[in-house]
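Letter by letter, the chains look like this.
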Amino acid sequence: MTSQKSTQSMKPATAAKKLGVYLEATPEEFREGEVTRDELNALQADPPEWLRDLRRNGPHPRPVVANKLGVSIAGLARGGITEALTTEQIEALKADEPEWLRTERTIQAEVRREAVRVKEKHAKEKKAEERKQAEAQAQAHAGPTRRPTPTRRTFGGRGR
C-alpha cells in the first residue's frame, strides 16, 4: 500500500517573503492563491518577467530596503521609513545620505563588529574547553599517576 505524497503549500505572504518581493506589488493571481513548494522552486529557478522586474525596480519590502541601505529594519523605522521603497528611491537616499542614514549605518557597522568579536570569543572558549576535555580524557586513560620512589643516597663514601 503506497500513500500519496501531499504537496506543501504556503500563503502568498510567505512565498513573497521567500522570494524577497513586496506582496502588494505582486500580480493579483499570486496574491489570491496558495503557492506550492514546487511552484516556489519554479519561480526561483526561472523567474517570470514580473518577478524579475520587482526584484530589479521594486517596490522592495523593508528587509530588502534595509539590506540595500546597510541598516537594520529598526533603523529604517527610526529614520521614518515605514513603507516599501523602489530602487530609485533607495538610490536617492544613498545619494542624499541624510543624517539618520549615516547614524544607522554607523550603528549597524558596530553591531556587526560586536557580533564578530562575540563569535571569536565563543570559538576561543570552545577550543579551550575542548582542549581541557581532551587533557582530562588523556589523563583518565593513562591511569593514576604515581610518584617515583625515592632512591637511596649515600653520602661521603661511608656506607652502612
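Going by the structure above, here's the rest.
In this text, all values refer to a predicted model and were calculated from it rather than measured experimentally. (Residues numbered from 1 in each chain as written. Predicted model: local features only at pLDDT ≥ 70, side-chain atom pairs only at ≥ 80, totals over all residues. Heavy atoms only, no water.)

Caption draft 1: Looking closely at unusual backbone geometry. With omega at 10°, the peptide bond leading from Gly58 into Pro59 counts as cis. With respect to the element layout, Pro59 can be found in the loop between α4 (49–57) and α5 (62–69). Its identity as a non-glycine residue notwithstanding, Glu97 has a phi of 40°, on the positive side. By secondary structure assignment, the location of Glu97 is in the loop between α7 (87–96) and α8 (99–142). (Helix = DSSP H or I, 4+ residues; strand = E, 2+ residues; numbered from the N terminus.)

Caption draft 2: Layout of the layout of surface pockets. The volume enclosed by the largest pocket comes to roughly 160 Å³. What lines the largest pocket is simply Ala13, Ala16, Lys17, Gly20, Val21, Tyr22, Leu23, Glu24, Pro61, Pro63 and Val64. The leading source of residues in the lining of the largest pocket is helix α1 (residues 12–19), at three residues. Classifying every residue of the lining of the largest pocket by side-chain character gives eight nonpolar, one polar and two charged. (1 Å grid on protein atoms, 1.4 Å probe; cavity = no way out; pocket = protein on both sides within 12 Å on 5 of 7 lines; lining within 4 Å. Points joined across faces, edges and corners; volume = space filled by probe spheres on them. Nonpolar A, V, L, I, M, F, W, Y, C, P; charged D, E, K, R; others polar.)

Caption draft 3: Spotlight on the side chain of Thr26. Inspection of the secondary structure puts Thr26 in the loop between α1 and α2 (28–32). Polar contacts involving the side chain of Thr26 include one to the main-chain carbonyl oxygen of Leu23, which spans 2.5 Å. Non-local contacts of Thr26, meaning those with residues more than four positions away in its chain, are made with Val21, Arg31, Trp50 and Leu54. (Polar contact = N/O pair within 3.5 Å; in protein donor to acceptor, adjacent residues only side chain to side chain. Contact = heavy atoms within 4.5 Å.)

Caption draft 4: View of the side chain of Glu104. Residue placement: Glu104 occurs in helix α8. According to the relative accessible area criterion, Glu104 is buried, its value standing at 6%. Setting aside residues no more than four positions away along its own chain, Glu104 makes contact with Val71, Gly75 and Arg78. (Buried < 20%, exposed > 50% of the residue type's maximum accessible area, 1.4 Å probe, protein only.)

Caption draft 5: Spotlight on the packing of aromatic side chains. A full pass over the atoms with the stated rule returns one aromatic pair. Measuring from ring centre to ring centre gives 5.5 Å for Phe30 and Trp50, while their planes differ by 55°; the resulting arrangement is tilted. Within this pair, whereas Phe30 is found in helix α2, its partner Trp50 is found in helix α4, the two being separated by 20 residues in sequence. For Trp50, a relative accessible area of 26% puts it in the partly exposed group. (Phe/Tyr/Trp six-rings, centres within 6.5 Å; stacked < 30°, edge-to-face > 60°.)

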